[in-house]
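Coordinates in review
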Amino acid sequence: REVSLELYSLLTEAYLSLVNAEKMKVYADEVLQQSSLSELEKVRVHICNISLYAGVMNKAREALDMSIDVLRKLGCKFPKNKLLQVRLAVSSVVGAKLPTEKDIADLPIMDDPTRKACMEIMVNAATFSHHCNNIPAFIMINSLMTQWTMKYGVDVYSAPAFALFGMVKKATSYKTSALYADRGFQLLDMCKEGKRTESRVTYISWFQIYPFSKPIHSTLKHLLRGYKVGMETGDVESAMWNVSQYMCNSIVAGKALKPLAVDCVTYIEQMQMLKADFTYHMSLPFAQGVLNMIGDAEDPLKLSGSAMVEEDFLAMIESSEGQFWSSLHFQIFKSMMCSFFGDFEQGAKLALERGDVYEKKNGSPLAMMDTLHQGISLYTMARRTKEKKYIKAAKKVKKKVATWVKKGKINALHYVPLLEAEDAALEGKSDSATKLYPKAIISAASSGFLNDAALVSERFAEYLLHDLKDSDRAGQYFQESIKYYTEWGSDYKADLLKQRYSHLWEEEIPKGISVSPDFVADAGNNDIQDVSDPSAAAHAVGANNGRVLIAAIAQDASGDESKAAGKTSAATSKACAKNSKFNALGFGGNDEPGRGGANEDSASMDISAITTPYTKVRARPLPGLSADDDNGVDKVEEGDVSESGTTEVDVMDDKTDEVAISSDGKRSAGTSALISSRDLLLEGYRT
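Residues numbered from 1 in each chain as written. Predicted model: local features only at pLDDT ≥ 70, side-chain atom pairs only at ≥ 80, totals over all residues. Heavy atoms only, no water.

**As for the overall build of the protein chain**
Along the protein chain, the regular secondary structure elements total 32 helices and two strands. At a minimum sequence separation of 6, the contacts of the protein chain that also span at least 24 residues come to 68%. Approximately 29400 Å² of the protein chain is accessible, and the part contributed by carbon and sulfur atoms is 51%. (Helix = DSSP H or I, 4+ residues; strand = E, 2+ residues; numbered from the N terminus. Contact = heavy atoms within 4.5 Å. Areas by Shrake-Rupley, 256 points an atom, 1.4 Å probe, with all protein chains shown as cover.)

What follows is the structure, encoded as structure tokens:
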């Protein structure tokens, strides 16, 4: 009997992994029809059936109902009445008490097989409830898992349970939410099988929780680690969630667009290949949004290009369980395109239709970015039309962002002066507006949000030109915006601004300008003196990067910028490491990438491979190539993948050749600046 049960259960699991639903059903039904077997003995087959509905058939709602039915058969009761579910959910949140680290450390290991089976079903049911937007069930299930952990001991699914409950507590306190995630990582270390759920804990914590109290740039390497761990342990679903959320956080953080575009295309192809439909549908707007910004669309206002076509996408998600979330992501990136490419009327219309539903239902970093772009379109239409519906909605956005910052949402700090500037412009307070816009530019740029610095510079330039009729200063800030867009990687957007506004400034730098010996000698100095314009101050470290390049060219007899480029990398790295703002955001540390949690301080993280507004993208040798420890070049060991998913190289200005690394390890000019992450992965597997 035991041997037959084991054999049939293994065959059910095997055919599920092969995505052969017909064969799987044959063996599963045979087990489930055996009246002599207990529900606990059938649980492996039950889990396969649930996984079939959730993963292969993409029916999260049915999978949730099946999970709750099996839990009831195992003796774990849930109220059927929806009103009772809501009451239980509310009381669970209000009455929850955060356990101390000592409380967690003193917990025994859960050994009851029925409870362990229930924990496995519940952790998946929590995910299904989130997918189908059943908030009461989500709260109720996560609360019960944390209660069981504290009452009956530590299970392998206790860690994701605490991380998921941290998502719930985020509504009341970002700090408490992060502490629950910390407890989750502590529980991982206590469980021998913790590696099995590490990928899941990682994406929950570093996407849904930590970005509200830690710099968002510091989340990227953890999400890529979560992807790697998930693929290693066979948790493909969590691996795909990690890279989907890596794409999302990269966009919010203003990561360099060109390598990010390669990552996006690579990962969505992998999602499609692995039939991870839920994450695939949700991630397509991310990928096409990035591609639109680099010019991969006939109409930049439409999400139609290499990754997706609007009409086909909407038809594809219409009958899917993830339609709610995929549709929201589509609308969010439509709004983003509207504010970047000037269709503020459509952007304001989308903002009024959608409101803050995404923030209330999800509350991810994407909701933060969505709120910013909604605010820009709403304020623009409020200034144009003076209609109450736009004014009221715009001021609501401003108030919401101010509340976020008071609660500790550090990644929205630069939103406050921007929206205050927009509000001052609406109220006709030009003195305040002209002070607040530069403040927002400096705040965004110094925090690493190159995308937002570009957009705010453009907004200020438009205000100066059209409202204050100050064409001279408008030209300065349009040029500043063009610099930021170019460094972000959106040459397409920069060219649009040049075509429209280049008449406001001289197109060419006057001939005869030379570099003084003092300037060259001081190239390594990170202190910029005599900055008379706020926009120049925002670009101060970028100007220093130019100093380093000038010094390298001056020292090179040939004057060849591509030869001198290699000399700039280390100097640029050291210059940025001196800057306290970069250190505060985790750009100056030397720690190895870890999974994070309670024992890792984001301020000490080394995320130097993540592109910032003020650093050239540094060369990363191909797997197997050596590099000196102190030459300013990040190493990639054999088989490793960089934080960006690509091999990154120095990218020079428009008139300078790109510098890449050839197969023999030498730098060569004029070669491709990007190497596909798939090639790098294959190289890693070969070695």
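**A look at the side chain of T146**
Here T146 is to be found in helix α8 (residues 135-152). Note on T146: relative accessible area 8%, which makes it buried. Here S143 takes part through its backbone oxygen, which lies 2.7 Å from a polar atom of the side chain of T146. (Buried < 20%, exposed > 50% of the residue type's maximum accessible area, 1.4 Å probe, protein only. Polar contact = N/O pair within 3.5 Å; in protein donor to acceptor, adjacent residues only side chain to side chain.)

**Points about the confidence of the model for the protein chain**
Per-residue pLDDT for the protein chain averages 77, and the proportion of residues at 70 or more is 73%. Between residues 508-593, whose pLDDT stays under 50, and residues either more than four places distant or in other chains, the model counts 128 contacts. (pLDDT = per-residue confidence, 0-100.)

**Considerations on the nonpolar core**
Formed by 168 residues in total, the largest nonpolar core has its most connected members in F78, M122, M145, F333, M369, Y437 and F478. Non-local contacts of M369, meaning those with residues more than four positions away in its chain, are made with I251, V252, I332, F333, M336 and Y415. (Core = buried A, V, L, I, M, F, W, Y, C linked by side-chain atoms within 4.5 Å.)

**A short note on the packing of helix α17 (residues 323-341) against helix α18 (residues 344-354)**
With their axes 8 Å apart at the nearest point, α17 and α18 run at an angle of 150° to one another. On the basis of their axis angle, the class for α17 and α18 is roughly antiparallel. As α17 runs across α18, the sense of the crossing is left-handed. On α18, the residues touching L328, Q331, I332, K334, S335, C338 and S339 of α17 are F344, Q346, G347, L350 and R354. Class assignment for the residues of the contact of α17 with α18 results in five nonpolar, five polar and two charged. (Axes fitted to C-alpha atoms, helices over the stretch in contact; angles between N-to-C directions. Parallel < 35°, antiparallel > 145°, perpendicular 65-115°, else oblique. Left-handed = near helix turned anticlockwise from the far one by under 90°. Nonpolar A, V, L, I, M, F, W, Y, C, P; charged D, E, K, R; others polar.)

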